[in-house]
Structures are given as structure tokens and as C-alpha cells.
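The chain contents come next:
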Amino acid sequence: MPTALVTGITGQDGSYLAELLLAKGYKVIGVARRSSTVTSERIMHLLDDITIVQGDLHDQGSLLSFLEEYNPDEVYNLAAQSFVPTSWNQPALTGDVTALGVTRLLEAIRFVNPKIKMYQASSSEMFGKVVEVPQTEATPFYPRSPYGVAKVYGHWITVNYRESFNIFAVSGILFNHESPRRGLEFVTRKISDGVAKIKLGLSKDLHLGNLEARRDWGFAGDYVQAMWLMMQQDHPDNYVVGTGETHSVREFCEIAFGYVGLDYKDHVVKDDRFFRPAEVDLLVSDPSKAHSQLGWKPSMKFPDLVKMMVDSDLAHYKGEKAITPRRVYG
Ligand code: NAP
Ligand code: F7E
């Protein structure tokens, strides 16, 4: 039975990846940081099947100690300060966790057992003010936020440890991926949650920022499969993972509100608080390499993703469903 260790297990992707690895017969160790409140909402249903260890990407000792204790075959580094607006409020913390945290984990692997494979959760935010359309593994980076800058560091230190120390370290450059388990602060979940509340008479308006921003949105459940596939290749590499389609925040609103018989123009309020100091206007992937080398393809189309998220939030407010994080950061 192979052992996989997942940092960021309590996050959206951590929960889907844990389900996938358990289904494949892995022993799953999840790393969670100490918190005064419960953060395991997304993995409640898995807690009997996985082992949770305490650790924090700020803390080198904790990383060394859990690698020594469990000596995993594969490490998936999903932990990060992942919300772009917070990265302007807390740029140094974002750099410490999202950038330097990757080095700490790679160093721990190098000292404990350099044969441990590592997946680094890189991001399309690295492309930022894009220099070509669509974006491939060869597209130069131009990050537009402290988060994007930190992810560029995380990407290159992963490549560097691969080349310097022969560590099997892969970088998955994933475009936005969403689900009913997405945090409420991200725009897709904010919209699906807002639509559900408005439809059920619990709210009237939804305050949003830039409706013209375009993203390549896919389903998170599909994207964790790409992570696992990258780790099963003969050689470590970098892979772009996305749908190859781009849609605006406005289109997301149109479909989400339209699905429940509402017109977004009657409810969406433009709010300056949700505009960013520097915006990423357009992201769209060219996932040809993931298609041809990994055999990976997304299963869910954009309108179905929107509808699934709205259905889930409707079910939540009707009291029919539980796994939907309710924390809001901004
Ligand atoms: P998420 O829901 O925000 O989860 C982030 C995880 O990181 C949480 O488990 C969080 O723990 C943990 N974490 C934060 N700071 C930590 C620290 N100092 N030490 C240890 N753990 C820490 O993010 P996600 O959407 O699942 O994304 C997973 C990874 O993929 C992230 O690295 C993200 O930047 C990257 N990524 C995401 C997307 C996307 O569209 N979702 C696209 C490209 C790349 P708590 O629960 O305690 O907060
Ligand atoms: O914003 C616009 C906003 O916060 C998407 C993270 O997982 O994906 C995510 O980063 C777009 C932006 O995601 C609101 O200006 C309009 O253009 O959902 P988001 P993100 O910034 O793309 C990447 C790939 C990651 O790696 C990150 O970790 O939507 N937008 N109005 C808004 N965004 C938010 N959050 N809230 C609004 O009210």
C-alpha cells in the first residue's frame, strides 16, 4: 500500500485528492495546522480513513518530523495562502507560506529521503498579465499579485530541486478549478451562494467587483486526477491543466442566476471594494501536453459546473446538505 502525504488537506483540493488517493488504495496522511476552530468540514467524511498530523509550512521542524515518521512515497504540497486579495493585505506572510514554504518542504525531502516524490501546486496566476494566448508550459510568467509572485518562486524552486538534487518534483500549473467545496470568498462560490440566498428570499443583492475578468474554470474533482497522473510518469515535469475555454465573471452570473429563473442585472451590485490593485484580465490554457502525455481530459463543461454549484448551495440553505464551508474571509 503506497503512502501519500497531503499538505493543505483541509482545503478544497485536499478533500478531493484524499478521496481519490483512498479510492486508489493509498494510506493517506493529511497535514493540518493548529487552529482554535474546526477546519475539517471538507474532510469530515474521511476522518476515519486518513491520518491527520499537525504541521505548518512556516515550521521546518514540523515538516522534517512528519516526513521522518511516515516516509511517504508521494507528497502533494497543496498548502498555501491561496486567496489573491489577501496577498496584498499580508504579502510577507503569503511569501513565507506560498513561496518559502515550498523550499522548506523540498529541504525536508532532501534531508529525510530524496526518493520521495513531490507535487507542487503551481497556478495560472503566474501568467498574470499574459504575454501570449493561450498559455502553455513555455509561456513566460508575469504575475500581478504577491500571491502570483510567490507561486512563481514556488514553481522555480521546484524545478531547481529537480535539476540540482534529482528529486522527482513536479509542478502542476493549474487553472482555476471550482466546486461546491470552494471557499466562499472566491468569485464562483460567492455567486452560487448569493444566487441560492436570493432565490430563497434570504438576501436581495450580490456585491461583486470586476465582471469582465475572464478565467478558464474547471471542476476541482477532475484536476486532482491530473495531479496524481503527473506523479505516475517516468520523469518529473511541468504541466498546464485547464479546460482550454475562457468565460467572464459576467457569464458565470448570467448562467447562475438564469438557472433559477432570475436576471443577474436585477441583483448584482458593482462594488469598488472587490476590485484589485492589479487585475489578471484573461486566462485560458492550452492543455495539449496534459492531454497527450497524461491522457487527462476534463469531464465537466462550464454550464454544468455552474449549475452543480448553485444546486449545492440551494440544498444547503434548504437544510438538505452539509459539506459546504461557510467561513468567509473577505
Ligand atoms: P484552499 O482551499 O485555500 O486550501 C489551502 C490549504 O492550505 C488549507 O488546507 C489551509 O489550511 C492550508 N494552509 C494555509 N496556510 C498553511 C500553512 N502555513 N501551513 C500549512 N497549511 C496551510 O486552496 P485550494 O483551492 O484547495 O488550492 C490548493 C492549492 O492549489 C493551493 O496551493 C493553491 O494556491 C493552489 N491552486 C489552486 C487553484 C484553484 O483554482 N483552486 C489553482 C491553481 C493553484 P486551513 O484550512 O487551516 O486554512
Ligand atoms: O477571482 C473577479 C476577480 O478570487 C476570479 C485562486 O484559487 O484561482 C484563484 O484565484 C476573478 C478575478 O480567483 C469578485 O477580480 C469579481 O479576476 O475567484 P477569484 P483568482 O483570483 O482567479 C487561481 C488559479 C489561484 O491559484 C488562486 O489560489 O473574479 N471578481 N468580483 C471577484 N473575485 C472575488 N474573489 N470576489 C468578488 O467579489
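Along each chain, residues carry numbers from 1 onward, in the same order as the chain's sequence is written. For naming, the first written chain is A and the first written ligand is 1, with later ones following in the order written. pLDDT decides what is reported in this predicted model: residues at 70 or higher carry local features, side-chain atom pairs at 80 or more are listed and counted, and totals for whole chains, interfaces and linings draw on all residues regardless. Values shown for side chains rest on all heavy atoms present in the structure; no hydrogens or waters enter the calculation.

**Student:** I'm lost on the packing of aromatic side chains in this one. Help?
**Tutor:** To describe a pair of aromatic rings, one takes the distance between the centres and the angle between the planes. Two rings belonging to Phe, Tyr or Trp (six-membered ring only in the last case) form a pair when the distance between their centres is within 6.5 Å. Interplanar angles under 30 degrees mark stacking, angles over 60 mark edge-to-face geometry, and anything in between is tilted. All chains considered together, the criterion is met by eleven aromatic pairs. Judged by centre distance (5.6 Å) and plane angle (80 degrees), the rings of tyrosine 16 and phenylalanine 219 are edge-to-face. Placement of tyrosine 16 in helix α1 (residues 12–23) and of phenylalanine 219 in strand β10 (residues 218–219) is noted, with a sequence separation of 203 residues between them. Phenylalanine 219 carries the same exposure label as tyrosine 16, and that label is buried. By the ring-pair criterion, three or more aromatic residues cluster together here, those being Phe127, Phe141, Trp156 and Phe175. One cation-aromatic arrangement involves lysine 117 over phenylalanine 168; the distance from NZ or CZ to the ring centre is 4.6 Å. Secondary structure elements follow DSSP: runs of H or I no shorter than four residues count as helices, runs of E no shorter than two count as strands, and numbering proceeds from the N terminus. Burial here depends on accessible area, computed with a 1.4 Å probe over protein chains only, as a share of the maximum for the residue type. Under 20% is buried, over 50% is exposed, and the range in between is partly exposed. Working rule: Lys NZ or Arg CZ, within 6 Å of ring centre, within 35 degrees of ring normal, means a charge sits over the ring.

**Student:** Where do I start with the site of ligand 2 in this structure?
**Tutor:** One heavy atom within 4 Å of a molecule or strand makes the whole residue count as near it. The local shell around ligand 2 holds 23 residues, among which Ser82, Ser123, Tyr147, Arg276 and Glu279 are the closest. Polar contact criterion, stated in full: a pair of N or O atoms within 3.5 Å, where within protein one must be able to donate a hydrogen and the other to accept it, and residues adjacent in sequence count only if both atoms are side-chain atoms. Contact distances for ligand 2 include 2.8 Å between an oxygen atom and a backbone N or O atom of valine 187. At a separation of 2.6 Å, an oxygen atom of ligand 2 approaches a polar side-chain atom of glutamate 279. Contact with the protein chains removes 96% of the 710 Å² of surface that ligand 2 exposes when unbound. Those elements that place two or more of their residues in the shell around ligand 2 are α6 (187–199) and β8 (206–208). Here the Shrake-Rupley method, with its probe set to 1.4 Å, supplies the accessible areas, and only the displayed protein chains count as covering residues.

**Student:** Help me understand the packing of α1 against helix α7 (residues 220–231), please; the structure alone is not making it clear to me.
**Tutor:** Simply put, an axis is a line fit to the C-alpha atoms, just over the touching stretch for a helix, and the angle between two N-to-C directions goes from 0 to 180 degrees. Where α1 meets α7, the closest approach of the two axes is 9 Å, and the angle between their N-to-C directions is 65 degrees. For α1 against α7, the interelement crossing comes out right-handed. Residues Gln12, Asp13, Tyr16, Leu17, Leu20 and Leu21 of α1 pack against Ala220, Gly221, Val224, Gln225, Met227 and Trp228 of α7. Residues are grouped as follows: Ala, Val, Leu, Ile, Met, Phe, Trp, Tyr, Cys and Pro are nonpolar; Asp, Glu, Lys and Arg are charged; every other residue, Gly included, is polar. Considering only residue class, the contact of α1 with α7 consists of eight nonpolar, three polar and one charged. Crossing chirality is assigned from the near helix's rotation relative to the far helix, an anticlockwise turn below a right angle marking it left-handed and a clockwise turn marking it right-handed. Residues count as neighbours in contact if any of their non-hydrogen atoms are within 4.5 Å of one another.

**Student:** What exactly am I supposed to notice about the sheet that holds strand β3 (residues 51–54) here?
**Tutor:** Strand-to-strand pairing in sheets goes through backbone hydrogen bonds, with the strands running parallel or antiparallel. Only strands that DSSP links by at least two bridges are regarded as paired with each other. Strand order in the open sheet made by the seven strands is β3-β2-β1-β4-β5-β6-β11, with parallel pairing throughout. Each edge of the sheet is formed by a strand with only one pairing partner; in this case those strands are β3 and β11 (238–241). The sheet shows a mean angle of 20 degrees between the axes of neighbouring strands, taken without regard to direction. With six bridges connecting them, strand β5 (residues 117–123) and strand β6 (residues 169–174) associate as parallel partners. Along β6, the bridge assignment pairs serine 123 with leucine 174. Docked against the sheet, α1 engages β1 (3–7), β2 (27–32) and β4 (74–77), running at close to 175 degrees with respect to β1. Here α7 sits on the sheet and contacts β4, β5, β6 and β11; the angle it forms with β6, its principal contact strand, is near 155 degrees.

**Student:** When you look at the site of ligand 1 in this model, what are you seeing that I'm missing?
**Tutor:** Taken together, 25 residues sit near ligand 1, with Thr10, Arg33, Asp56, Ser82 and Tyr147 positioned nearest. In this structure, an oxygen atom belonging to ligand 1 sits 2.8 Å away from a main-chain N or O atom of aspartate 13. Interatomic distance of 2.8 Å between a side-chain N/O atom of arginine 33 and an oxygen atom of ligand 1. Notes on ligand 1: free accessible area 900 Å², of which the protein chains cover 92%. Broken down by secondary-structure element, the contributors of at least two residues to the shell around ligand 1 are α1, β5 and α5 (146–165). Its residues assigned to classes, the shell around ligand 1 shows nine nonpolar, eleven polar and five charged.

**Student:** Explanation requested: the packing of helix α4 (residues 91–112) against α5 in the structure shown.
**Tutor:** Each pair of packed helices gets described by two things: the angle between the helix axes and the distance between those axes. With their axes 8 Å apart at the nearest point, α4 and α5 run at an angle of 15 degrees to one another. Classified by the angle their axes make, α4 and α5 are roughly parallel. Crossing of α4 against α5: the hand is right-handed. For the pair formed by α4 and α5, the contact residues are Pro91, Thr94, Gly95, Thr98, Ala99, Leu100, Val102, Thr103, Leu106, Glu107 and Arg110 on the first element and Pro146, Tyr147, Ala150, Lys151, Tyr153, Gly154, Ile157, Thr158, Tyr161 and Phe165 on the second. Looking at the contact of α4 with α5, its residues break down into twelve nonpolar, six polar and three charged. Working rule for angles: under 35 degrees goes down as roughly parallel, over 145 as roughly antiparallel, 65 to 115 as roughly perpendicular, anything else as oblique.

**Student:** Help me out: how do you make sense of the pairing of β4 in this one?
**Tutor:** Two faces, one strand: in a regular strand the side chains alternate between the faces of the sheet. On β4, burial covers both faces: Glu74 and Tyr76 on one face and Val75 and Asn77 on the other are all buried. In terms of strand pairing, β1 meets β4 through four bridges, oriented parallel. Residue pairing across strands places valine 6 opposite tyrosine 76, the latter belonging to β4. Direction of pairing for β4 relative to β5: parallel, over a ladder of four bridges. In the strand pairing of β5, glutamate 74 is matched with lysine 117.

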